[in-house]
Amino acid sequence: IERTFSIVKPDAVKRNLIGAIYNRIEKAGLRVVAAKMIRMDADKAKGFYAEHEGKPFFDDLVAFMTSGPVMVQVLEGDNAVVRYRELMGKTNPEEAACGTLRADYALSLRHNSVHGADSPESAAREIAYFFADDEMC
Ligand code: ATP
Ligand code: MG
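Throughout this document, residue positions are counted from 1 along each chain, in the order its sequence is written. A letter from A marks each chain and a number from 1 marks each ligand, given out in the order of writing. Selection of residues for local features in this predicted model requires a pLDDT of at least 70, selection of side-chain atom pairs for listing and counting requires 80 or more, and totals for whole chains, interfaces and linings are taken over all residues. Side-chain measures were taken over the full set of non-hydrogen atoms in the model, leaving aside hydrogen atoms and water.

1. Describing the site of ligand 1
Next up, step 1: Nearness here has a simple test: a residue counts as near a molecule or strand if at least one of its heavy atoms is within 4 Å of that partner. In the neighbourhood of ligand 1, 13 residues make up the surrounding shell, with K9, H52, T91, N112 and H115 lying closest.
Next up, step 2: Pairs of N or O atoms within 3.5 Å make up the polar contacts considered here, provided that, within protein, one atom can donate a hydrogen while the other can accept it, and that residues adjacent in sequence are counted only when both atoms are side-chain atoms. Contact between ligand 1 and N112: an oxygen atom at 2.9 Å from a side-chain N or O atom of the residue.
Next up, step 3: Between G116 and ligand 1, the recorded distance is 3.1 Å, taken from a backbone N or O atom to an oxygen atom.
Next up, step 4: When isolated, ligand 1 has an accessible area of 570 Å², and the protein chains bury 80% of it.
Next up, step 5: Basically, the charged four are Asp, Glu, Lys and Arg, the nonpolar ten are Ala, Val, Leu, Ile, Met, Phe, Trp, Tyr, Cys and Pro, and anything else, Gly included, counts as polar. When the residues that make up the shell around ligand 1 are grouped by side-chain class, the tally is 4 nonpolar, 5 polar and 4 charged. Here the open area of atoms and residues is found with the Shrake-Rupley method and a 1.4 Å probe, where only the protein chains shown may cover a residue.

Below, the structure written as structure tokens:
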């Protein structure tokens, strides 16, 4: 059993897609074991995306992720990291496979509705970045 970290991004929260995305997560056999709605400030978003600092899309990415509330959640299941990445589909919705979250819900490469940790190590770091021990089931 493994845990991963997920965000429902501002574009999806604004379009009333929290429930639809949670439904797909649960149907895929992943369990929500911690969740909350937050609004990130610029420092929080910059820290989260530190690996992308200096890239041409970084400032717009931070502006987007702070543009409205997001849902952050911890998902649990066998091979949760890889299975949730598969459920999301490729970063660019035009390249995402049919039936994936990004193919069905994303608006563009930037407004791509969901985030998922890309490795178990990233998942552990990202979970600790958003959740205190006493917020985890
Ligand atoms: P995420 O980290 O959000 O799960 P990812 O791992 O598929 O997505 P990354 O390469 O980590 O993609 O990029 C992080 C986010 O930055 C992407 O989800 C997307 O919103 C944005 N992004 C990435 N590349 C670009 C780009 N070339 N132009 C605009 N935005 C981009
Ligand atoms: Mg990433």
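2. Concerning helix α4 (residues 58-65)
Next up, step 1: Think of it in three bands: residues with accessible area under 20% of the maximum for their type are buried, residues over 50% are exposed, and the middle band is partly exposed, with areas taken using a 1.4 Å probe on protein chains only. To qualify as a helix, a DSSP run of H or I must reach at least 4 residues; to qualify as a strand, a run of E must reach at least 2; elements of each kind are numbered from the N terminus. Of all the residues in α4, the buried ones are F58, L61, V62, F64 and M65. Along the axis of α4, the buried positions cluster into a sector of 160 degrees, meaning they face one direction only.
Next up, step 2: Residues of α4 that are buried make contact with β1 (2-8), α1 (10-14), α3 (42-48) and β3 (70-77). Picture the helix axis, draw a direction to every C-beta atom, and the arc is the one those directions span. Only heavy atoms enter the contact rule, under which two residues are in contact if any of them lie within 4.5 Å.

3. Considering the environment of Y129
Next up, step 1: Its location among the elements puts Y129 in helix α7 (residues 120-130).
Next up, step 2: Note on Y129: relative accessible area 29%, which makes it partly exposed.
Next up, step 3: Linking Y129 and G47, residues 82 residues apart in sequence, is a C-alpha distance of 8.9 Å.
Next up, step 4: If sequence neighbours within four positions are ignored, Y129 has contacts with D43, K44, G47 and F48.

4. Brief notes about the sheet that holds strand β4 (residues 114-116)
Next up, step 1: With respect to topology, 4 strands assemble into an open sheet ordered β2-β3-β1-β4, the strand pairing being antiparallel. Sheet topology places β2 (31-38) and β4 at the edges, where each strand pairs with a single neighbour. Strand-to-strand twist across the sheet, computed as the mean angle between neighbouring axes with direction ignored, equals 20 degrees.
Next up, step 2: At least two DSSP bridges between two strands are required for those strands to pair. Where β2 meets β3, 7 bridges bridge the pair, whose relative direction is antiparallel. Across the sheet, M37 pairs through a bridge with M71, a residue of β3.
Next up, step 3: The angle between two axes is taken between their N-to-C directions and runs from 0 to 180 degrees, where each axis is a line fitted to C-alpha atoms and a helix contributes only its stretch in contact. Contacting β1, β2, β3 and β4, helix α2 (residues 18-27) crosses the sheet at an angle of about 10 degrees to β3.

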